[in-house]
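Chain residues, written in single-letter form:
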Number of protein chains: 2
Amino acid sequence: MDFQRELEYRASDAERVLNAYLPEEKGYQVNVISAMNYSVTAGGKRLRPILMAETYKLFGGSSPAIRPFMAAIEMIHNYSLVHDDLEAMDNDKYRRGMLTTHAKYGEDIGVLAGDGLLNLAFETAISAFSVEKDRPDIVIKSLQILSDKAGINGMIGGQAADVAEDRSDGISRDMLDFIYEAKTSALIEAAMMIGAVLGGASSEETDTVEKAASLIGKAFQIMDDILDATGDEKTLGKETGQDERNHKVTLITFDGLLKARRAVSDLTDEGLSLILGLPYENRFLEKLIEYMAHRVK
Amino acid sequence: MDFQRELEYRASDAERVLNAYLPEEKGYQVNVISAMNYSVTAGGKRLRPILMAETYKLFGGSSPAIRPFMAAIEMIHNYSLVHDDLEAMDNDKYRRGMLTTHAKYGEDIGVLAGDGLLNLAFETAISAFSVEKDRPDIVIKSLQILSDKAGINGMIGGQAADVAEDRSDGISRDMLDFIYEAKTSALIEAAMMIGAVLGGASSEETDTVEKAASLIGKAFQIMDDILDATGDEKTLGKETGQDERNHKVTLITFDGLLKARRAVSDLTDEGLSLILGLPYENRFLEKLIEYMAHRVK
């Protein structure tokens, strides 16, 4: 099978897992449940659950806890998009060519749907104890990673620094590094580290995976900036040129497009070589990491 | 010591516990951290952690896991207030006589501070595994209760139904019951049930505590409605008469003030008698439940 078809197959698999944990649309709170399900099922590359599952396979994992954690990380990613798109934040009306959650359901339900997804992510991850009764320790470790990387020292911290940047006149390279690491890398680290932990990796191996994921995540974010500057709106399903219009500082502002492209390659090579240095093999994961650096959407 | 002083003492104790889990205000994301700490330290009755601690004492608890869970439930309560106050939601500028979080830090940081507190609540609760190594089972059970009662079948569900009610022309008594149960009782149930579980209660006893907390929570919400209709703005630290101005349907709309007051008494008596039926005693908890039905703020 060629890579693209394999990737689609894995994305469908991640969606099947995710759907198994979505709530039924009923009750007096059906408004928020519909909005949550809408935002989660409105497409997306499902990269985080796929990275988790593939890292888990790299280590030869066999714990049923992988499924709830795959769903949980995708819920956290999606809640962050729902809140990012709010009028109070980026005020985006479209994502992946569809109305954003608040544009469809109202700003108030947008807030609550994001809250609902974040809470459901933890409910789902905590449910892993019910399917993995022999190894509560790996579920505990995975919960610690998930909550740490999604929080103020990870994803939320990066979003807050991003807001601070929008409000300031200047931004240092150090601050930009923090934003990339926290806003984007942290959740990719969580995905791959949880895959490693549930797959049975040692703590040294999990540290190596964390470093690799940090580099891969940074490359991914720079690629995002490059696509915003040069990509095709139709392929991307969203407006491009937003960073320039919003006077947003990115790595391209500091280094220019050419050096930014080189950074994507270098970071990807470095991250990949850490994965290749482990005494296990998963060819699909290697190809996926390469793909993330060369994607067009 | 008289009850009022004992209550103040316990509120200070709950605040000491809470403060131990608050993040340091530093880093590029200091904006969101400051906003989180501001919202959590801006006063409040600390009823939920106190109810948790007192139920735990009722069962003779001795697990160190009680501390992180006391902090976690107060964080969840506070995040819900921060998001409730947003312009997109109730658009409240003052709470407890102070500026609300979004009024002070901006609507975007208001969104992120709420997210940060919800995430931190789970980080904090999950950290209980590190202090309670002998009984991971009671920590797991408590995490399940916390995430369930705070989610779409609990608190968030109640808030969403509340929004649906605002948008509709009529509301049934059944829907109002759901809103009271989900929006207010659920978190009080979580507080008391987690206190019971960590205190060593059997599952039958925990079920009894859940029923009692449901009744007590409903009485608490009706009292809130009564105070909004009749209370003193200065004592309450917020505007009264809001429900009437916003054409908000409450139990008073259905039954009038007199019957609503009687409902508070009846529900409290019923809840209290369930607690008194348990083969343990905590006089302070009994007085606290009585107090909640007769409070003036």
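See the structure printed just above.
Keep in mind the model is a prediction, meaning the values are calculated, not measured. (Residues numbered from 1 in each chain as written. Chains lettered and ligands numbered in written order. Predicted model: local features only at pLDDT ≥ 70, side-chain atom pairs only at ≥ 80, totals over all residues. Heavy atoms only, no water.)

1. Topic: the overall build of chain A
Assigned secondary structure in chain A consists of 15 helices and 2 strands. A globule of 297 residues ought to have a C-alpha radius of gyration of about 19 Å, and chain A, at 18 Å, matches this closely. Projecting the C-alpha coordinates of chain A onto the three principal axes gives extents of approximately 55 × 55 × 40 Å. Within chain A, the proportion of its 297 residues that are buried is 60%. Across chain A, the fraction of contacts at a sequence separation of at least 24, relative to all contacts at a separation of at least 6, is 73%. Accessible area of chain A: about 11,900 Å², with a carbon and sulfur share of 48%. The averaged location of the 49 negative side-chain charges in chain A is 4 Å from the averaged location of its 33 positive side-chain charges. (Helix = DSSP H or I, 4+ residues; strand = E, 2+ residues; numbered from the N terminus. Rg over C-alpha atoms; globule rule 2.2 N^0.38 Å. Buried < 20%, exposed > 50% of the residue type's maximum accessible area, 1.4 Å probe, protein only. Contact = heavy atoms within 4.5 Å. Areas by Shrake-Rupley, 256 points an atom, 1.4 Å probe, with all protein chains shown as cover. Lys, Arg positive; Asp, Glu negative; His and termini not counted. Charge placed at Lys NZ, Arg CZ, Asp CG, Glu CD.)

2. Concerning the packing of aromatic side chains
Under the counting rule described, the total for this entry stands at 12 aromatic pairs over all chains. A centroid spacing of 5.2 Å and a plane angle of 25 degrees characterise the contact between Phe-3 of chain B and Phe-284 of chain B, whose relative ring orientation is stacked. Taken together, the positions of Phe-3 of chain B in helix H1 (residues 3–20) and Phe-284 of chain B in helix H15 (residues 283–294) put the pair 281 residues apart, joining distant regions of the chain. The pair Phe-3 of chain B / Phe-284 of chain B is uniform in exposure class, with both members buried. Consider the rings of Phe-3 of chain B and Tyr-291 of chain B, whose centres lie 5.4 Å apart with planes at 50 degrees: the pair is tilted. Of the two residues, Phe-3 of chain B is situated in helix H1 and Tyr-291 of chain B in helix H15; the sequence distance between them amounts to 288 residues. Among the aromatic residues, those joined into a ring-pair cluster are Phe-3, Phe-284 and Tyr-291 of chain A. (Phe/Tyr/Trp six-rings, centres within 6.5 Å; stacked < 30°, edge-to-face > 60°.)

3. A short note on the pattern of salt bridges
Residue and element names in this part refer to chain B. Under the criterion given, the structure shown has 36 salt bridges over all chains. Close ionic contact of Glu-210 with Lys-149 constitutes a salt bridge, the shortest N to O distance being 2.6 Å. A residue pair is termed long-range when its members are at least 10 positions apart, and Glu-210 in helix H11 (residues 203–230) and Lys-149 in helix H8 (residues 136–150) qualify at 61 residues. In this structure Glu-210 comes out as partly exposed when scored by relative accessible area, which is 24%. In this structure, Glu-286 and Arg-283 form a salt bridge, with 2.7 Å as the shortest nitrogen-oxygen distance. Here Glu-286 pairs with Arg-283, and both are found in helix H15, just 3 residues apart, close to one helical turn. Classification of Glu-286 as buried rests on a relative accessible area of 11%. Under the relative-accessibility criterion, Arg-283 is labelled partly exposed at 48%. (Salt bridge = Lys/Arg side-chain N within 4 Å of Asp/Glu carboxyl O.)

4. Focus on the packing of helix H1 (residues 3–19) of chain A against helix H3 (residues 47–58) of chain A
Packed helix pairs are characterised by how far apart their axes lie and by the angle those axes make with each other. Residues and elements named next belong to chain A. Between H1 and H3, the shortest axis-to-axis distance is 9 Å and the interhelical angle comes to 100 degrees. Put simply, H1 runs roughly perpendicular to H3. On H3, the residues that touch Leu-7, Arg-10, Ala-11 and Ala-14 of H1 are Pro-49, Ile-50, Glu-54 and Lys-57. When grouped by side-chain class, the residues that make up the contact of H1 with H3 number 5 nonpolar, no polar and 3 charged. (Axes fitted to C-alpha atoms, helices over the stretch in contact; angles between N-to-C directions. Parallel < 35°, antiparallel > 145°, perpendicular 65-115°, else oblique. Nonpolar A, V, L, I, M, F, W, Y, C, P; charged D, E, K, R; others polar.)

5. Looking at the packing of helix H4 (residues 66–85) of chain A against helix H10 (residues 173–199) of chain A
Residues and elements named next belong to chain A. H10 packs onto H4 with a crossing angle of 175 degrees between their chain directions and a minimal axis gap of 11 Å. Considering the angle they form, H4 stands roughly antiparallel to H10. Contacts between H4 and H10 involve Ile-66, Phe-69, Ile-73, Ile-76 and His-77 on the former and, on the latter, Leu-187, Ala-190, Ala-191, Ile-194, Gly-195 and Leu-198.

6. Describing the interface of chain A and chain B
Facing 49 residues of chain A, the contacting portion of chain B comprises 49 residues. The contact between chain A and chain B buries some 4,200 Å² in all, and 69% of this surface belongs to carbon and sulfur atoms. Taken together, the links from chain A to chain B amount to 10 residue pairs in polar contact (both at pLDDT 80 or more). Among the elements of the structure, helix H2 (30–41), H4, helix H6 (107–126), helix H7 (128–131), helix H8 (136–150), helix H9 (155–167) and H10 of chain A are those that each provide at least two residues to the side of chain A that touches chain B. The element that contributes the greatest number of residues to the side of chain A that touches chain B is H6 of chain A, accounting for 12 residues. (Buried area = accessible area lost by both parts, 1.4 Å probe. Polar contact = N/O pair within 3.5 Å; in protein donor to acceptor, adjacent residues only side chain to side chain.)

7. Concerning unusual backbone geometry
One non-glycine residue, Arg-46 of chain A, lies in the positive phi region at around 60 degrees. In this fold, Arg-46 of chain A is placed in the loop between H2 and H3.

8. Description of the relation of the copies chain A and chain B
Mapping chain A onto chain B is achieved by rotating through 180 degrees and translating by 0.0 Å along the same axis, at an RMSD of 0.0 Å. Accordingly, the operation relating the two chain copies is best matched by a two-fold axis. Both copies present the same face, since 100% of the interface residues in chain A are matched by interface residues at the equivalent positions in chain B. (Least-squares fit on C-alpha atoms with pLDDT ≥ 70 in both.)

9. Things to note about the nonpolar core
Counting residues in each nonpolar core, the largest one holds 168 residues, and the members touching the most others are Phe-69 and Leu-288 of chain A together with Phe-69 and Leu-288 of chain B. Among residues more than four places away in sequence, those in contact with Leu-288 of chain B are Phe-3, Leu-7, Leu-47, Ile-50 and Leu-51 of chain B. (Core = buried A, V, L, I, M, F, W, Y, C linked by side-chain atoms within 4.5 Å.)

10. A few points about H15 of chain B
Residues and elements named next belong to chain B. Counted at 1.5 Å a residue, the expected span for H15 with its 12 residues is 16 Å, and the 17 Å between its end C-alpha atoms agrees. Residues of H15 that are buried include every one of Phe-284, Leu-285, Glu-286, Leu-288, Ile-289, Tyr-291, Met-292 and Ala-293, and no others. Capping the start of H15 is the job of one residue whose side-chain oxygen sits 3.1 Å from the backbone nitrogen of Phe-284: Asn-282. (Expected span 1.5 Å × (residues − 1).)

11. Some points on the side chain of Asn-78 of chain A
Within the secondary structure layout, Asn-78 of chain A lies in helix H4. Those residues within four positions of Asn-78 of chain A in sequence are excluded, and the remaining contacts are Ser-39, Val-40, Arg-46, Arg-96 and Leu-117 of chain A.

12. Description of H6 of chain A
With 20 residues, H6 of chain A should reach 28 Å at 1.5 Å per residue; the first-to-last C-alpha distance of 29 Å fits that figure. Counted residue by residue, H6 of chain A has 20 buried out of 20 residues, so it is predominantly covered.

13. Comments concerning the side chain of Thr-100 of chain A
Residues and elements named next belong to chain A. Position of Thr-100 among the secondary structure elements: in the loop between strand E2 (98–99) and helix H5 (101–105). Polar contacts involving the side chain of Thr-100 include one to the side chain of His-102, which spans 3.4 Å. Other than its neighbours up to four places away in sequence, Thr-100 contacts Tyr-38, Asp-85, Asp-92, Lys-93, Tyr-94 and Arg-95.

14. Remarks on a negative patch on the surface
Residue and element names in this part refer to chain A. A surface patch of like charges, here negative, comprises Asp-266, Asp-269, Glu-270 and Glu-290. Note that Asp-269 resides in helix H14 (residues 251–276). The exposure class assigned to Asp-269 is partly exposed, which follows from its relative accessible area of 45%. (Patch = residues over 30% accessible without salt bridge, like charges linked within 9 Å, V, L, I, M, F, W, Y side chains within 5 Å.)

15. Comments concerning the environment of Phe-3 of chain A
Residues and elements named next belong to chain A. The exposure class of Phe-3 is buried, given its relative accessible area of 15%. Sequence separation of Phe-3 and Tyr-291 is 288 residues, and the distance between their C-alpha atoms is 9.1 Å. Contacts of Phe-3, omitting those with residues within four sequence positions, involve Phe-284, Lys-287, Leu-288 and Tyr-291.

By themselves these figures say nothing about function.
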